[in-house]
Amino acid sequence: MAERKIPKDLNCGMAMIMEIIGGKWKPCLIHNIWKGHKRPSELQRLNPKATRRVLYQQLQELEEHGIISRVVHPVLPPKVEYFLTDLGLSLLPVISVMDEWGSQYLENPGVHPKLKIA
């Protein structure tokens, strides 16, 4: 990554999680990889409004944070797959709650979503 002119202030938990999953497509990428869509072409097909460049950049950032791992299989043409790491798996409760909230809101925008939080 390029060095920033103004250093990031990551002194609270919310700032840290937003650094890791804050990006238009990052939560969707984590969710889709968890659901079994591991190839870049599958991820592109599931997020058609995202450019390949942006998806690749956000996958790269998730990999740098240790959320996903990238495996390149030695075949021609090269086959790339992404997998959630243990750290990435630990984010699934957060991603699941985000998905549940969004799904409930889409179904009925006038009603406040009711989440089951343990």
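For the structure given in this document, a descriptive report is provided here. Small disclaimer: the values here were computed from a predicted structure and weren't measured.

## Focus: the nonpolar core
Link 1 in the chain: Judged by nonpolar contacts, the single largest core of 19 residues is most densely connected at L29, I30, I33, L59, I67, I68 and Y82.
Link 2 in the chain: If you list the elements that add at least two residues to this core, you get α1 (13–21), α2 (26–34), α4 (52–64), β2 (79–84) and α6 (92–107).

## Quick notes on the pairing of strand β1 (residues 68–73)
Link 1 in the chain: Alignment of β1 against β2, held across six bridges, turns out to be antiparallel. Looking at the pairing, V71 lines up with E81 of β2.
Link 2 in the chain: A loop of five residues connects β1 with β2, the two strands running antiparallel in sequence.

## Describing α4
Link 1 in the chain: Between its first and last C-alpha atoms α4 spans 18 Å; for 13 residues at 1.5 Å apiece the expected length is 18 Å, and the two agree.
Link 2 in the chain: Among all positions in α4, only L55, Q58, L59, E61 and L62 are buried. One face of α4 carries all of its buried residues, which in axial projection span an arc of 160 degrees. Exposed and oriented more than 90 degrees from the buried face of α4 are R52 and R53.
Link 3 in the chain: Where the residues of α4 are buried, they touch α1, α2, α3 (40–46), β1 and β2.
Link 4 in the chain: Just beyond α4, the residue with positive phi is G66, at close to 80 degrees.

## Here's the deal with the packing of aromatic side chains
Link 1 in the chain: Counted according to the given criterion, the structure contains one aromatic pair.
Link 2 in the chain: Seen in terms of ring centroids, W101 and Y105 are 5.3 Å apart; in terms of plane orientation they differ by 5 degrees. Their pairing is stacked. Note that W101 and Y105 are positioned in helix α6 at a spacing of four residues, about one turn of the helix.
Link 3 in the chain: The exposure class of W101 is partly exposed, given its relative accessible area of 41%.

Calculation notes
Residues numbered from 1 in each chain as written. Predicted model: local features only at pLDDT ≥ 70, side-chain atom pairs only at ≥ 80, totals over all residues. Heavy atoms only, no water. Core = buried A, V, L, I, M, F, W, Y, C linked by side-chain atoms within 4.5 Å. Buried < 20%, exposed > 50% of the residue type's maximum accessible area, 1.4 Å probe, protein only. Helix = DSSP H or I, 4+ residues; strand = E, 2+ residues; numbered from the N terminus. Pairing = 2+ DSSP bridges. Expected span 1.5 Å × (residues − 1). Arc of directions from axis to C-beta. Contact = heavy atoms within 4.5 Å. Phe/Tyr/Trp six-rings, centres within 6.5 Å; stacked < 30°, edge-to-face > 60°.

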